[in-house]
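If you want the building blocks of each chain, they are given just below.
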Amino acid sequence: MFSQLSFDFLNSLAINNDREWFKANQQQYEDQVRTPALQFIEAMQGPILGMSPRFTAVAKKVGGSLMRPQRDSRFSKDKTPYKTNVGIQFKHFQAKDVHAPGFYVHIANDECFIAAGIWHPESKYLNAIRHCIDENPNAYQKALAQLSQAGFELTGDSLIRPPRGFDKNHPMIDELRRKDFIAIKPISSQQVCQADFVEFCNQEYQHTRALMAYLCFALDLDF
C-alpha cells in the first residue's frame, strides 16, 4: 500500500505544483499515491463496517472515500492547483458532504494523523450537538475520557463568546463553544508505510466509537 514513494511524490508535487507537471507525472501519481490509497480503502471496508454498518469505505477514484487531489482555490490567496496531502474519509452513509460525522486519515510530509468526528457542521447541526451536550453531558464526558486515554485530542475552532442561549458559567462552556468536534491523533510516516497500517487504524478507531455514536445520536443519525 503506502510507501516512502508516496511521500516522495507528494514532496515533488509541493515543489512543482502546476498542472503541466502533474499531467506529465500522472502515472507516477496513479502508481505511488492513488492506487495505494484505493487499496487501503478497500482493506478498511471490513474494519469500518465492523465499527458501524452506517459508515462507508468506497474505493473509487472519484466520488468515494478518497478526496480529490485538486484544491478549491476560488476563495484562497494560494492558487496552487493541487493538494500536497492524501485525504481519506469514511463517511456516514446519510452524509451529503465532508461536513458530517466520519473517520479520517491525513497523509502528508509535514504531518500525518488519523481523526474521527465532525468538522465545520452547519449551524443547525452544530446547535443540535450543543443541546445534546447540555442535556446529556455524562455520555459526552465518557467519550472524551476514552479519547484522552488513547492519545486523541479534540481540536478545531471555537467561539470566543458563549453560543447564543447558553450561560457563560455553564459547566461545559468550553465544549459548547466548539465549532468543530474532531478527535485527532498524530501518527508517523513510518506507521503509514507499515504492513499493519490497516489493523493499526482499526484498533485506534475503536477508541473513537463512543464519540461517533454520540455525534450520531445528537444529529438523529443511525449508528
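Notes on the structure in this doc start here. None of the values given here were measured: they were computed from a predicted structure.

Calculation rules
- Residues numbered from 1 in each chain as written.
- Predicted model: local features only at pLDDT ≥ 70, side-chain atom pairs only at ≥ 80, totals over all residues.
- Heavy atoms only, no water.
- Helix = DSSP H or I, 4+ residues; strand = E, 2+ residues; numbered from the N terminus.
- Rg over C-alpha atoms; globule rule 2.2 N^0.38 Å.
- Buried < 20%, exposed > 50% of the residue type's maximum accessible area, 1.4 Å probe, protein only.
- Contact = heavy atoms within 4.5 Å.
- Salt bridge = Lys/Arg side-chain N within 4 Å of Asp/Glu carboxyl O.
- Expected span 1.5 Å × (residues − 1).
- Arc of directions from axis to C-beta.
- Phe/Tyr/Trp six-rings, centres within 6.5 Å; stacked < 30°, edge-to-face > 60°.
- Pairing = 2+ DSSP bridges.

### Overview of the overall build of the protein
Piece 1. The helix and strand tally for the protein stands at 9 helices and 5 strands.
Piece 2. Along the protein, from the amino end to the carboxyl end, the secondary structure elements read α-α-α-β-β-β-α-α-β-α-β-α-α-α.
Piece 3. Here the C-alpha atoms of the protein give a radius of gyration of 18 Å, agreeing with the 17 Å that 2.2 N^0.38 yields for 223 residues.
Piece 4. Expressed along its principal axes, the backbone C-alpha trace of the protein runs to roughly 55 × 40 × 30 Å.
Piece 5. The buried share of the protein, reckoned over its 223 residues, is 44%.
Piece 6. Sequence-distant contacts in the protein: of pairs separated by 6 or more residues, those separated by 24 or more amount to 64%.

### Quick word on the pattern of salt bridges
A side chain with one charge may pair with a side chain of the opposite charge, provided their charged atoms come close.
Piece 1. According to the stated counting rule, one finds 5 salt bridges in the structure shown.
Piece 2. Salt-bridge contacts for Arg34 lead to Glu30; the nearest nitrogen and oxygen are separated by 2.5 Å. Residue Arg34 and its partner Glu30 are both found in helix α3 (residues 26-51); the two are separated by 4 residues, about one turn of the helix.
Piece 3. Owing to a relative accessible area of 12%, Glu30 belongs among the buried residues under this scheme.

### Focus: unusual backbone geometry
Piece 1. Although it is not a glycine, His120 adopts a positive phi angle of roughly 50°.
Piece 2. Residue placement: His120 occurs in the loop between β3 (112-118) and α4 (123-135).
Piece 3. At Asp220, a position not held by glycine, the phi torsion is positive, near 60°.
Piece 4. Tracing the sequence through the fold places Asp220 in the segment after α9 (209-218).
Piece 5. In this structure Asp220 comes out as exposed when scored by relative accessible area, which is 71%.

### Points about α4
Piece 1. Its 13 residues place the ends of α4 18 Å apart at the C-alpha level, agreeing with the 18 Å of an ideal helix rising 1.5 Å per residue.
Piece 2. Restricting attention to buried positions, one finds in α4 the residues Leu126, Ile129, Arg130, Cys132 and Ile133. The buried residues of α4 occupy one face: seen down the axis, they fall within an arc of 160°. For α4, the exposed residues lying more than 90 degrees away from the buried face are Ser123, Lys124 and Glu135.
Piece 3. Buried residues belonging to α4 abut β3, α5 (137-149), α6 (173-176), β5 (181-187) and α9.

### Some details on the packing of aromatic side chains
Piece 1. The full count for this structure, using the stated rule, is 15 aromatic pairs.
Piece 2. Ring centres of Phe9 and Phe22 lie 6.3 Å apart, and the angle between their planes is 70°; this geometry places the pair in the edge-to-face category. Of this pair, Phe9 sits in helix α1 (residues 4-15) while Phe22 sits in helix α2 (residues 19-24), placing them 13 residues apart in sequence. An identical accessibility class is assigned to Phe9 and Phe22; each is buried.
Piece 3. Aromatic pair Phe22 and Tyr29: ring centres 5.1 Å apart, planes at 50°, arrangement tilted. For the pair Phe22 and Tyr29, a shared accessibility class is recorded, and that class is buried.
Piece 4. Linked through ring pairs, Phe2, Phe40, Phe90, Phe197 and Phe200 together constitute an aromatic cluster.

### Observations regarding the pairing of β5
Piece 1. Taking burial as the measure, the 7 residues of β5 include 5 buried ones, the bulk of the element.
Piece 2. Pairing of β3 with β5 involves 7 bridges; the strand directions are antiparallel. Bridging from a neighbouring strand, Cys112 pairs with Ile187 of β5.
Piece 3. Examined bridge by bridge, strand β4 (residues 153-155) and β5 share 3 bridges and lie antiparallel to one another. Opposite Leu154, over in β5, you have Ala183 as the bridge partner.

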